[in-house]
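# Structural description and commentary
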Amino acid sequence: MKIASLIAALVATAALTALGQEGVVQDVKQGAKKAGETIKDGLETAGEKTKETAKTVGKKTKKTAEAVGEKTKETGETVVRKTKQAVDGTGEKASETTQKTHHKSKASSKAKAQTTEEQTTDRDSNTPAPNPTP
């Protein structure tokens, strides 16, 4: 009987140990499940944050590109306007120079004509008048 009691005690101890280990295994499973869920939630949050950041960066990049495009357009228009002004200014100066030269040429021609006319008149008055012959 002592042997039977001893065997029963050993069987009972083994059974209790197995049950205890099963409880530990269940605890490990639950802990792993919770850790997995926490990691999953963290990854989802990181994914959402990354997506939001990408959208923000995209919007800011688009705004920057539009601003750069506008500035480039304004700069181009300014260059065209200033170039046109420079060309127009050069044309006006050339026109003024031509007009001044033409005016000086006319004045010079008039002065020469007057001088020639005066010289002719002076010659006529310096030469004695022909004698009328009867």
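The structure under discussion appears in the preceding block.
In this report, we go over the structure that sits alongside the text. All values reported here derive from a predicted model rather than from experimental measurement. (Residues numbered from 1 in each chain as written. Predicted model: local features only at pLDDT ≥ 70, side-chain atom pairs only at ≥ 80, totals over all residues. Heavy atoms only, no water.)

## Looking at the overall build of the protein chain
Each helix and strand in the protein chain was counted, giving one helix and zero strands. A total of 134 residues make up the protein chain; the buried ones form 0% of that total. Working note: accessible area of the protein chain is about 12,300 Å², and carbon and sulfur atoms make up 61% of it. (Helix = DSSP H or I, 4+ residues; strand = E, 2+ residues; numbered from the N terminus. Buried < 20%, exposed > 50% of the residue type's maximum accessible area, 1.4 Å probe, protein only. Areas by Shrake-Rupley, 256 points an atom, 1.4 Å probe, with all protein chains shown as cover.)

## Thoughts on a nonpolar patch on the surface
A contiguous nonpolar patch, built from Ile 3, Ile 7 and Val 11 and spanning about 310 Å² of accessible area, is present on the exposed surface. Its place among the elements puts Ile 3 in helix 1 (residues 2-126). Residue Ile 3 is classed as exposed on the basis of its relative accessible area of 62%. (Patch = residues over 30% accessible without salt bridge, like charges linked within 9 Å, V, L, I, M, F, W, Y side chains within 5 Å. Salt bridge = Lys/Arg side-chain N within 4 Å of Asp/Glu carboxyl O.)

## What to know about a positive patch on the surface
A contiguous patch of positive charge, built from Lys 51, Lys 55, Lys 59, Lys 60 and Lys 63, is present on the exposed surface. The residue Lys 51 is located in helix 1 in this model. On the basis of relative accessible area, Lys 51 is assigned to the exposed category, the value being 54%. (Lys, Arg positive; Asp, Glu negative; His and termini not counted. Charge placed at Lys NZ, Arg CZ, Asp CG, Glu CD.)

## Points about a negative patch on the surface
A cluster of like negative charges, contributed by Glu 37, Asp 41, Glu 44, Glu 48 and Glu 52, occupies part of the molecular surface. Here Asp 41 shows up in helix 1.

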